[in-house]
Amino acid sequence: MNHSARAFWLRSPGHGELRDVTLPEPADDQVLVRALYSGVSRGTETLVFRGGVPESQHALMRAPFQEGDFPGPVKYGYLGVGLVEQGPAALIGRTVFCLYPHQSRYVVPVSAVTVVPDRVPAERAVLAGTVETAVNALWDAAPLIGDRVAVVGGGMVGCAVAALLARFPGIRLQLVDADPARAATAEALGVGFAAPADAVGDCDLVVHASATEAGLTRALQLLAPEGTVVELSWYGDRRVALPLGEAFHSRRLTVRSSQVGTVSPAARPGRGYADRMALALDLLADPALDALITGESAFEELPSVLPKLASGEIPALCHRIRYTGTGLT
């Protein structure tokens with residue numbers, strides 16, 4: 001029996017559409033998942049939407065179940081939550097997270113889904129990929145009890161990092177962003193907030209996630225001698241300039257990259273993707289993380305919603321997509 005579905009495709013930069021899909025019958029080692037929700041990661045997905053992925057990064061930027069190629073046509077996305085309708089008996093009826101593009105139903109290997117704990121609502125589980133990124137960043141950053149920490153950039157990833165850091169004992173923590181509206185998000189997460197000019201310096205660690213040259217420069221300025229900036233921003237095809245003269249060398253500062261694709265063997269020996277994703281989903285039991293979801297639209301509206309997210313007409317951290325009435329068979 002074949003199943004029908006609908007998928008969101010970027011036809012060309014700035015232009016999206018829904019396409020009909022026919023799915024195969026799942027094999028013994030596969031599951032058929034009916035989508036409940038997906039999330040739009042405003043930073044990465046709007047970069048893809050406007051065609052800003054540099055040619056040199058086309059291979060590295062591929063999503064796990066992407067179809068097509070950058071700049072388009074391409075089916076892209078990676079924050080999916082759904083219900084298993086066919087597959088091994090132990091998974092049927094379970095809510096799962098999968099790094100799948102925006103599609104109403106899909107067939108994937110069993111190994112590609114992670115069961116969402118019962119205490120985590122499906123609506124919140126769309127954040128799993130973002131919290132997973134935050135987990136990896138903190139494995140790389142290795143904050144210590146009593147550290148003085150700032151997170152520069154109150155977007156989706158920066159707020160997720162701040163939310164996890166708020167659980168560390170004895171640290172001084174600020175979320176730093178140029179948008180005063182982020183103060184409310186910081187309060188909901190239990191984190192202090194400051195505008196860039198008012199941020200407290202002398203930091204042992206700064207996590208930078210603003211994807212701006214000004215933000216990275218300010219992150220360096222906030223460091224104490226021998227402090228470290230962990231860089232989480234993805235700049236796409238943009239170049240950035242840094243003040244590596246001035247006191248950069250005399251203060252022995254460090255800029256370190258972090259990315260979600262791999263777990264550093266030095267940071268966490270023996271830990272892999274499955275461990276990281278399971279931990280991220282477990283951490284999502286905290287209802288404070290609902291503050292990262294700032295809007296919701298029906299799947300059918302996605303072609304008109306994504307341009308508004310990309311332009312900033314719809315301000316968002318994570319924008320949730322709801323799948324109902326899609327006419328699946």
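Refer to the structure printed above.
Values in this document were obtained by computation on a predicted structure and should not be read as measured data.

What counts as what
All residue numbers here refer to positions counted from 1 along the written sequence of the relevant chain. Only residues with pLDDT of at least 70 get local features here, since the model is predicted, and only at 80 or more are side-chain atom pairs given and counted; chain-wide, interface and lining totals rely on the full set of residues. Only hydrogens and water are removed before side-chain values are computed, so all heavy atoms of the structure are retained for them. Secondary structure elements are defined from DSSP: runs of H or I of at least 4 residues count as helices, runs of E of at least 2 residues count as strands, and each element is numbered from the N terminus. Burial classes: relative accessible area under 20% of the type maximum marks a residue as buried, over 50% as exposed, and values in between as partly exposed (1.4 Å probe, protein chains only). Think of a polar contact as two N or O atoms within 3.5 Å of one another; within protein, one of them needs to be a possible hydrogen donor and the other a possible acceptor, and neighboring residues in sequence only count if both atoms come from side chains. Residues count as neighbours in contact if any of their non-hydrogen atoms are within 4.5 Å of one another. What makes a patch is a set of residues exposed beyond 30% relative accessible area and free of salt bridges, joined within 9 Å when like-charged and within 5 Å when nonpolar (Val, Leu, Ile, Met, Phe, Trp, Tyr). Note that accessible areas follow from Shrake-Rupley with a 1.4 Å probe, and for residues the cover is restricted to the protein chains shown. In what follows, salt bridge is the name for a side-chain nitrogen of Lys or Arg lying within 4 Å of a carboxyl oxygen of Asp or Glu. Take the number of residues in a helix, subtract one, and multiply by 1.5 Å to get its expected span. Pairing between strands is defined by DSSP: at least two bridges between them are needed. Handedness of a crossover is defined as follows: with both strands directed away from the viewer, a clockwise route from the first strand across the helix to the second makes it right-handed. For this analysis, a ring pair means two rings from Phe, Tyr or Trp (six-membered ring only for Trp) whose centres lie within 6.5 Å, classed as stacked if their planes differ by under 30 degrees, edge-to-face if by over 60, and tilted for the remaining angles. The rule for a charge over a ring is simple: NZ of Lys or CZ of Arg within 6 Å of the ring centre, and within 35 degrees of the ring normal. In this text, buried Ala, Val, Leu, Ile, Met, Phe, Trp, Tyr and Cys residues form a nonpolar core when linked through side-chain atoms within 4.5 Å. Comment: axis = line fitted to C-alpha atoms, over the contacting stretch for helices; angle = value between 0 and 180 degrees taken between N-to-C directions. Should an angle fall under 35 degrees it is called roughly parallel, over 145 degrees roughly antiparallel, and 65 to 115 degrees roughly perpendicular, with every other angle called oblique. Handedness of each helix crossing follows the sense of rotation of the near helix against the far helix: counterclockwise by less than a right angle gives left-handed, clockwise gives right-handed. In this classification, the charged set is Asp, Glu, Lys and Arg, the nonpolar set is Ala, Val, Leu, Ile, Met, Phe, Trp, Tyr, Cys and Pro, and all remaining amino acids, among them Gly, are polar.

Draft legend 1. Representation of the side chain of Lys75. One can find Lys75 in strand β5 (residues 74–75). The buried category is assigned to Lys75, whose relative accessible area is 1%. One polar contact links Lys75 to Gln103, side chain to side chain, over a distance of 2.6 Å. Those residues in contact with Lys75, other than ones at most four positions away along the chain, are Ala7, Phe8, Trp9, Phe65, Gln66, Glu67, Tyr100, Pro101 and Gln103.

Draft legend 2. Quick look at unusual backbone geometry. Cis geometry marks the peptide bond from Phe70 to Pro71, where omega comes out at 0°. With respect to the helices, strands and loops of the structure, Pro71 is situated in the loop between β4 (67–68) and β5. Residue Pro73 is bonded to the preceding Gly72 through a cis peptide linkage, with omega at 0°. Here Glu226, not a glycine, exhibits a phi torsion of approximately 65°, which is positive. Residue position: Glu226 is located in strand β14 (residues 223–231). Here Glu246, not a glycine, exhibits a phi torsion of approximately 45°, which is positive.

Draft legend 3. Molecular detail of a nonpolar patch on the surface. Residues Leu242, Leu244 and Val255 make up a contiguous nonpolar surface patch of roughly 200 Å² in combined accessible area. If you trace the backbone, Leu244 turns up in the loop between β14 and β15 (254–257).

Draft legend 4. Region of the structure containing helix α3 (residues 128–141). The terminal C-alpha atoms of α3, which comprises 14 residues, lie 20 Å apart, in line with the 20 Å expected from a rise of 1.5 Å per residue. Of all 14 residues in α3, 14 are buried; the element is thus mostly enclosed. At the exit of α3 stands Ala142, carrying a positive phi of roughly 50°.

Draft legend 5. Representation of the pairing of strand β16 (residues 293–298) in the model. As paired elements, β16 and strand β17 (residues 318–322) share five bridges and run parallel to each other. Each residue of the ladder has a partner; that of Ile293, found in β17, is Cys318. In this fold, the crossover linking β16 to β17 by way of helix α8 (residues 302–311) has right-handed handedness.

Draft legend 6. Looking closely at the pattern of salt bridges. Following the criterion strictly, the structure yields 18 salt bridges and no others. With a closest N to O distance of 2.9 Å, Arg62 and Asp69 form a salt bridge. Residue class for Arg62 comes out partly exposed when judged on its relative accessible area of 36%. Glu67 is the salt-bridge partner of Lys75, the closest N and O atoms lying 2.8 Å from each other. A network of salt bridges, in which partner residues are shared, links Arg11, Glu17 and Arg19.

Draft legend 7. Layout of the packing of aromatic side chains. Throughout the structure, instances matching the rule amount to five aromatic pairs. Put simply, the rings of Phe65, Tyr100 and Tyr106 touch in pairs and so form one group of aromatic residues. When the ring centre of Trp9 is taken as origin, the NZ or CZ atom of Arg19, which lies over that ring, is 4.5 Å away. Its end group placed over the ring of Tyr37, Arg320 keeps NZ or CZ at 5.6 Å from the ring centre.

Draft legend 8. The nonpolar core, seen in detail. Of all hydrophobic cores here, the largest spans 86 residues; its most connected members are Phe97, Leu127 and Val161. The residues contacting Val161, other than those within four sequence positions of it, are Ala134, Ala137, Leu138, Val151, Val207 and Leu232. Grouped together as the second largest cluster of nonpolar side chains are 16 residues, Val176, Leu216, Tyr235 and Leu253 included.

Draft legend 9. Molecular detail of the pairing of strand β13 (residues 203–208). The element β13 is largely enclosed, with a buried count of five among its six residues. Sheet analysis places β13 next to β14, joined by five bridges and oriented parallel. Counterpart to Val206 in the pairing with β14 is Val229. Handedness of the β-α-β unit built from β13, helix α6 (residues 213–221) and β14 comes out right-handed.

Draft legend 10. Structural context of the environment of Ala137. Its location among the elements puts Ala137 in helix α3. Separated by 24 residues in sequence, Ala137 and Val161 place their C-alpha atoms 7.6 Å apart. Filtering out sequence-adjacent residues up to four positions away, Ala137 remains in contact with Val161, Val230, Leu232 and Ser258.

Draft legend 11. Here's a closer look at the packing of α3 against helix α7 (residues 273–283). Where α3 contacts α7, the two axes come as close as 8 Å, and the packing angle between them is 115°. In this view, α3 runs roughly perpendicular relative to α7, as classed from their interaxial angle. Where α3 crosses over α7, the two elements pack in a sense that is right-handed. Counting all contacts with α3, which are made through Ala128, Val131, Glu132, Val135, Asn136 and Trp139, the residues of α7 involved are Tyr273, Arg276, Met277, Leu279, Ala280, Leu281 and Leu283. Broken down by class, the residue content of the contact of α3 with α7 amounts to 10 nonpolar, one polar and two charged.

On their own, these measurements won't tell you what the molecule is for.
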